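# Commentary on secondary and tertiary structure
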Amino acid sequence: MVDSQQNKGYRVISMFDRLMDGQGINKRQEAFTHNVGEKTIQRDLDQIRTYIEKTKLGCHLEYVRAEKVYKLTNTGKNILSKEQVLAIVKILIESRALLKSEMSDIIDKLISIVTADKQEFIHNIILNEEHLYVDLNHQKSLLHLIWVLSEAIQKKKIIKIDYLHEGETIPVEKVLKPLAVIFSEYYFYLIAYDSKHEQDLPIVYRVDRIQHFLELDKKFQIPYAERFQEGEFRKRIQFMYAGELMHVKFIFKGISPQAVLDRLPTAKIVSNKKGHYLFEAEVFGCGIRMWLLSQGEKIEVLEPIELREEMIKTIQSMQQNYRYI
């Protein structure tokens, strides 16, 4: 039996690939397949074990006596568990963030992380959801654009985009200081400052409406104390409608104040009188008006007075729609 370096390399890589795929390695069968002795296969397995320990892959090689095979066991440190994979897949499907083909590819790769005996189980659980997955109307692949936008953000490079507004047919050129790419309710958004405006107010652009992107050879600087923080921005914006920062006060008469706190992370309960909760919150822009209106009679806006008056006018206009049948 001649065990050349080429044969050995192929044999070790073949075993490693199958182990990473969740399969078991039977030493006797492996020796027969490759026409080598069992001691040779044992040395190969020892090398694989050493490699796994040095590279900290989050698993270790062990002998499963009941099955008479060597298998990789997940230590749980660096590899997603089957429960985590299932939860992530469910969230991805619900998000409808990507094209169906892209989503299916990502889901398959995620499921491949778990052991082979659990892969079919997860596939069966999500089969109907994945089959009925519907692309968003824009039907655009955004993965590359999200990547290059993120690169420009990290490098603090000014960008130029052609942006097509809703209902328009001709895109408008924008020169921007990109701050962040975030995802919210079906869409990816670019948050940016307009480089031509002296006052830095975050503006929201839907990534799928960017028709053309160019990174300019010009950097911008934002003082560290004034840096944009995605987490704080998310707490204060509703439905990705940006605008001035404002302080709102409202009474909530519903049964679940927790739902309000989850929807508005900056909200605080000031008082509770017989199930009428007085809330205060700090929010960006007019998106908050959409959410307040969606709560119907369970909400009464108190401040700012301008917002209260807007709510009154909107409700009166809504009444006109239902005056006659």
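Read on for an overview of the structure.

Calculation criteria
Residues numbered from 1 in each chain as written. Predicted model: local features only at pLDDT ≥ 70, side-chain atom pairs only at ≥ 80, totals over all residues. Heavy atoms only, no water. Helix = DSSP H or I, 4+ residues; strand = E, 2+ residues; numbered from the N terminus. Buried < 20%, exposed > 50% of the residue type's maximum accessible area, 1.4 Å probe, protein only. Contact = heavy atoms within 4.5 Å. Areas by Shrake-Rupley, 256 points an atom, 1.4 Å probe, with all protein chains shown as cover. Axes fitted to C-alpha atoms, helices over the stretch in contact; angles between N-to-C directions. Parallel < 35°, antiparallel > 145°, perpendicular 65-115°, else oblique. Left-handed = near helix turned anticlockwise from the far one by under 90°. Nonpolar A, V, L, I, M, F, W, Y, C, P; charged D, E, K, R; others polar. Pairing = 2+ DSSP bridges. Salt bridge = Lys/Arg side-chain N within 4 Å of Asp/Glu carboxyl O. 1 Å grid on protein atoms, 1.4 Å probe; cavity = no way out; pocket = protein on both sides within 12 Å on 5 of 7 lines; lining within 4 Å. Points joined across faces, edges and corners; volume = space filled by probe spheres on them.

Looking only at helices and strands, the protein features 11 helices and 11 strands. For the protein, the residues scored as buried account for 36% of the 325 residues in total. Considering only contacts in the protein between residues 6 or more positions apart, those separated by 24 or more positions represent 58%. For the protein, the exposed area adds up to about 20,700 Å²; of that, 52% sits on carbon and sulfur atoms.

Closest axis-to-axis distance for the helix α5 (residues 100-111)/helix α6 (residues 116-131) pair is 11 Å, and the angle between their directions is 165°. By the angle between their axes, α5 is roughly antiparallel relative to α6. Helix-helix and strand crossings are classified by hand; for α5 and α6 the assignment is right-handed. Of α6, the residues touching α5 (which contributes K100, S104, I107, D108 and I111) are Q119, I122, H123, I126, E130 and H131. The residue makeup of the contact of α5 with α6, split by class, is 4 nonpolar, 4 polar and 3 charged.

On to the sheet that holds strand β9 (residues 268-273). Pairing within the open sheet is antiparallel, and its 4 strands lie in the order β9-β10-β8-β11. Edge positions in the sheet fall to β9 and β11 (299-303), since each of these pairs with one other strand and no more. The sheet shows a mean angle of 25° between the axes of neighbouring strands, direction not considered. Sitting on the sheet, helix α11 (residues 305-321) touches β8 (245-252) and β11, and the angle it makes with β11 is about 145°.

Here we take up the pairing of strand β4 (residues 172-184). Where strand β3 (residues 157-163) lies against β4, 5 bridges are found, and the strand directions are antiparallel. Across the sheet, I159 pairs through a bridge with L176, a residue of β4. Two elements, β4 and strand β5 (residues 187-194), share 8 bridges in a ladder whose sense is antiparallel. Paired with F183 across the bridge in β5 is F188. If you look at the hairpin formed by β4 and β5, you'll find 2 residues sitting between the two strands, and E185 has a positive phi there, around 45°.

Take the pairing of β3 next. A large share of β3 lies buried, amounting to 5 of its 7 residues. Pairing geometry for β3 and strand β7 (residues 210-219), over 6 bridges, is antiparallel. Bridging across to β7, K157 finds its partner in K219.

Our next topic: the pattern of salt bridges. Taken as a whole and judged by the stated rule, the model has 18 salt bridges. Close ionic contact of R11 with D44 constitutes a salt bridge, the shortest N to O distance being 2.5 Å. Separated by 33 residues along the polypeptide, R11 in helix α1 (residues 5-20) and D44 in helix α3 (residues 38-55) bring together distant segments of the chain. Side by side, R11 and D44 carry an identical accessibility label, which is buried. Among the charged side chains, a network of salt bridges with common partners joins K155, K157, E215 and D217.

Glancing now at empty space enclosed by the protein. Tallied over the full model, the rule gives 1 cavity of 30 Å³ or more. What the largest cavity holds in volume is close to 30 Å³. If you go around the largest cavity, the residues you meet are R96, A97, L98, L99, D135, L136, H138 and K140.

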